[in-house]
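Summary of structural features
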Amino acid sequence: MQQGSSSGHASGKLPRHVAMIMDGNGRWAIRRRLPRVAGHRAGVETAKDMVRLCGEKGIEVLTLFAFSSENWRRPEEEVGLLMDLFVAVLEQQVKELHENNIRLRVIGDRDALHATLRERIQEAESLTGDNSGQTLVIAANYGGRWDCCQAARRVAQRVKRGDLAVEDIDEEAVRRELSLDDLPEPDLFIRTGGERRVSNFLLWHLAYTELYFTDTLWPDFDRGAFEGALAYYASHQRRFGRTGEQVARMQGV
Ligand code: FPP
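The rules behind these values
- Residues numbered from 1 in each chain as written.
- Predicted model: local features only at pLDDT ≥ 70, side-chain atom pairs only at ≥ 80, totals over all residues.
- Heavy atoms only, no water.
- Patch = residues over 30% accessible without salt bridge, like charges linked within 9 Å, V, L, I, M, F, W, Y side chains within 5 Å.
- Areas by Shrake-Rupley, 256 points an atom, 1.4 Å probe, with all protein chains shown as cover.
- Salt bridge = Lys/Arg side-chain N within 4 Å of Asp/Glu carboxyl O.
- Lys, Arg positive; Asp, Glu negative; His and termini not counted.
- Charge placed at Lys NZ, Arg CZ, Asp CG, Glu CD.
- Helix = DSSP H or I, 4+ residues; strand = E, 2+ residues; numbered from the N terminus.
- Buried < 20%, exposed > 50% of the residue type's maximum accessible area, 1.4 Å probe, protein only.
- 1 Å grid on protein atoms, 1.4 Å probe; cavity = no way out; pocket = protein on both sides within 12 Å on 5 of 7 lines; lining within 4 Å.
- Points joined across faces, edges and corners; volume = space filled by probe spheres on them.
- Nonpolar A, V, L, I, M, F, W, Y, C, P; charged D, E, K, R; others polar.
- Contact = heavy atoms within 4.5 Å.
- Polar contact = N/O pair within 3.5 Å; in protein donor to acceptor, adjacent residues only side chain to side chain.
- Axes fitted to C-alpha atoms, helices over the stretch in contact; angles between N-to-C directions.
- Parallel < 35°, antiparallel > 145°, perpendicular 65-115°, else oblique.
- Left-handed = near helix turned anticlockwise from the far one by under 90°.
- pLDDT = per-residue confidence, 0-100.
- Near = heavy atom within 4 Å.
- Sits in = over half its atoms within 2 Å of the grid points.

Attention shifts here to a negative patch on the surface. A cluster of like negative charges, contributed by E167, D168, D170 and E171, occupies part of the molecular surface. Note on placement: D168 falls in the loop between α6 (144-161) and α7 (171-175). Classification of D168 by relative accessible area gives partly exposed; the value is 46%.

Here is the structure:
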């Protein structure tokens, strides 16, 4: 069970999986009188720093929300620039990810992505697929509700094929069809940029996740800020529905 694996870390105080909403790039740029895309470029540098920091600290999985299904509503020019940026980041970074034994996974609805981006994603995933170190998950054209719908469709297909009985549809049967599949659920969720929302991110997976919100804009989110979030996580006892006394007993406190 996923919850079991996460609860094992409640005493370890270091999250296995951190999920981040990288918000505030636009405001960071505007405050500097720069075009919004300059904020996204600076945001890429922060994303790279976070991958390195997670590796340094032994955090197994980092999931970054790069583009939501709702982000298509942005001006066409910004969407185009973001897509070009994703292609460039993949082209420039995939070798380094591979050299560092990092496995890249991209989650989200790929059908709407540009063909070149789809190809780069495919290449990067096959190159790094067997790496055994950290996992970096990029959510691109991702939405939590979309994820639940595509999982429901796959469950229905299993039922139609006769592989699964309706009465056997349980949490595990649904979970295995969701995009994160066998990865541990996020222990810690971080959103920068001041908003206190999960914005259709990993809806199913955030059920027991510690939520951390900061006003710091994404390009300014640095080592110290990340360590602040990790300290917040370490100071919170995760109970998974149990009482505080039960958890203390389980941890031998
Ligand atoms: C939200 O800031 C940010 C995005 C929609 C794009 C995030 C993308 C990156 C940081 C690039 C990283 C890419 C990879 C592949 C890791 P915003 O524009 O909503 O900021 P605002 O709220 O200040 O306007």
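Its volume calculated, the largest pocket comes out at about 1100 Å³. Residue lining of the largest pocket: 48 residues in total, with M22, L64, F65, A66 and F86 positioned closest to the centre. Residue assignment for the lining of the largest pocket shows that the elements contributing at least two residues are α2 (25-31), α3 (36-57), β2 (61-68), α4 (76-99), β3 (103-107), α5 (115-128) and β4 (135-142). Across the lining of the largest pocket, the residue classes break down as 26 nonpolar, 12 polar and 10 charged.

Checked against the element boundaries, H236 lands in the loop between α8 (223-234) and α9 (244-250). Look at H236 and you get partly exposed, because its relative accessible area is 29%. Residues H236 and K13 lie 223 residues apart in sequence; the distance between their C-alpha atoms is 8.6 Å. Excluding residues that lie within four positions of it along the chain, H236 makes contacts with K13 and E210. Of the polar contacts made by the side chain of H236, one reaches the side chain of S235; its length is 3.2 Å.

The N-to-C vectors of α4 and α5 enclose an angle of 15°; their axes lie 10 Å apart at closest approach. Here α5 runs roughly parallel to α4, going by the angle between their axes. Handedness of the crossing formed by α4 with α5: left-handed. Between α4 and α5, the residues in contact are M83, F86, V87, L90, E91, V94 and H98 and T116, L117, R120, I121, A124, L127 and T128, respectively. Residues of the contact of α4 with α5, tallied by class, amount to nine nonpolar, three polar and two charged.

Once that is clear, we can look at the confidence of the model for the protein chain. Across the protein chain, pLDDT averages 92, with 94% of residues at or above 70. In the model, residues 1-11 has pLDDT below 50 throughout and makes 20 contacts with residues more than four positions away in sequence or in other chains.

Taken together, 17 residues surround the ligand, and among them D23, G26, R27, R36 and R74 come closest. For the ligand, an oxygen atom lies 3.3 Å from a polar atom in the backbone of G24. Separating an oxygen atom of the ligand from a backbone N or O atom of G26 is a distance of 3.0 Å. Protein contact buries 90% of the 620 Å² of open area that the ligand shows by itself. Its atoms largely coinciding with the cavity grid, the ligand occupies the largest pocket.

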